[in-house]
Structures are given as structure tokens and as C-alpha cells.
Amino acid sequence: RTLMQVHPDKRTKLASPSETVAPSSDEHSVDIALIKEAYVTLIDPSSRAAYDASLVREGAYGRGPRPAQVVSLADFTLVTTYERDYDDEKHEWFYECRCGGVYHIVEQDLESGRHLVGCQSCSEVICVGYELVED
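Now for a quick tour of the structure.

Criteria and cut-off values
In this numbering scheme, every chain counts its residues from 1 along its sequence in written order. Totals for whole chains, interfaces and linings use all residues, but because this is a predicted model, local features are given only for residues with pLDDT of at least 70 and pairs of side-chain atoms are given and counted only at 80 or more. Water and hydrogen atoms play no part in the side-chain values, which are based on all heavy atoms of the structure. Aromatic rings from Phe, Tyr and Trp, with only the six-membered ring used for Trp, were paired whenever their centres fell within 6.5 Å, and each pair was classed as stacked if the ring planes differed by under 30 degrees, edge-to-face if by over 60, and tilted otherwise. To sort residues, take the accessible area from a 1.4 Å probe on protein chains only and compare it with the maximum for the residue type: under 20% means buried, over 50% means exposed, and anything in between is partly exposed. Runs of E in the DSSP output that reach at least two residues are strands. Runs of H or I that reach at least four are helices, and both are numbered from the N terminus. Between N or O atoms, a polar contact is any pair within 3.5 Å; within protein, one atom must be a potential hydrogen donor and the other a potential acceptor, and residues adjacent in sequence are included only when both atoms are from side chains. Think of it this way: Lys and Arg go in the positive column, Asp and Glu in the negative one, and His and the chain ends go nowhere. The working definition used for a salt bridge is a side-chain nitrogen of Lys or Arg within 4 Å of a carboxyl oxygen of Asp or Glu. Working rule for contacts: check all heavy atoms of both residues, and any pair within 4.5 Å makes them a contact.

Here we come to the packing of aromatic side chains. Two aromatic rings, taken as a pair, are described by how far apart their centres are and by the angle between their planes. Tallied over the entire structure, the rule returns two aromatic pairs. Considering the side-chain rings of Tyr 95 and Tyr 103, the 6.2 Å spacing of their centres and the 35 degrees angle between planes classify their relative orientation as tilted. The exposure class of Tyr 95 is partly exposed, given its relative accessible area of 23%. On the basis of relative accessible area, Tyr 103 is assigned to the buried category, the value being 1%.

Quick look at the structure:
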């Protein structure tokens, strides 16, 4: 989409039927090769993973991700599993991402105060809203 918006042939506007006016080059100075490189990197899962890993190494994620939305824990699907003759319960919550992937949070995450959860299929992050209740 960005490539089409900054392409010189697409930016040209007709002021009148007889003349053509193009916006100044400073107004839309974009490196088209950079846009293509970004697309190639992000479309391939292995190159995207390598790019994400490089951001982590460089500390680009130092401030933490910005959540796309806040979702109440009540909107998640609770799955309870039992282990060792029903003595131990394990609680997990799942919420579907708009990409088709899943957000997943477990009881230990809740107890540690974790609110930011990333999708297992894309890079989107949500903030899970809940309150801890002491027994």
C-alpha cells in the first residue's frame, strides 16, 4: 500500500487537462528499495524471526511492546486439566487473535502479575485485564 502511495506515477495529479503537477520530492521522499526489503523480510517467517531476534539483541524492544487492545480475562476461554488422580488442577486461558492465532496465558502468569500477552502466530500483543484475588 505504501509503495503505491509514494510511487511517482501514482502521485502525479492533473491541475488541468493540459498540465501535470507532481508534488515536491521532499514531500514524499521514500526509498522504494527499503519498502521492498521490508516486505520481503516480513513476509517470510524465517527472515521475520531473524529480524525480530536482531531487535531483541539490539535492545529495540527495551521499552516493551505496545498492546493493541485490552481484553478482559473473562473474554478468554478457560481450559482446566487435571493431573495425578485429579489432585492438581492446571488452568490455561486462550483468546483468538484476529490473525487466526491464539493468545495463551497460564495461572503462573496471572500470579506473577503478567498482563502483556503476545499472539503465538503474529507479533500483536494485548493487555489482559484481571485482578488478583487472595485466598
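Right, let's talk about the environment of Arg 98 for a bit. Tracing the chain through its elements places Arg 98 in the loop between β5 (88-96) and β6 (102-106). Note on Arg 98: relative accessible area 73%, which makes it exposed. Considered as a pair, Arg 98 and Glu 124 are 26 residues apart in the sequence and their alpha carbons are 9.3 Å apart. For Arg 98, the side chain forms a polar contact with the side chain of Glu 124, separated by 2.7 Å.

Once that is clear, we can look at the side chain of Glu 92. Its location among the elements puts Glu 92 in strand β5. The side chain of Glu 92 is buried and forms no salt bridge, while Lys 90, the nearest opposite charge, is found at 4.3 Å. A distance of 2.7 Å separates the side chain of Glu 92 from the side chain of His 104, its partner in a polar contact. Apart from the residues within four sequence positions on either side, Glu 92 is in contact with Thr 77, Leu 78, Val 79, His 104, Ile 105 and Val 106.

Bear in mind that shape data such as this cannot, by itself, settle questions of function.
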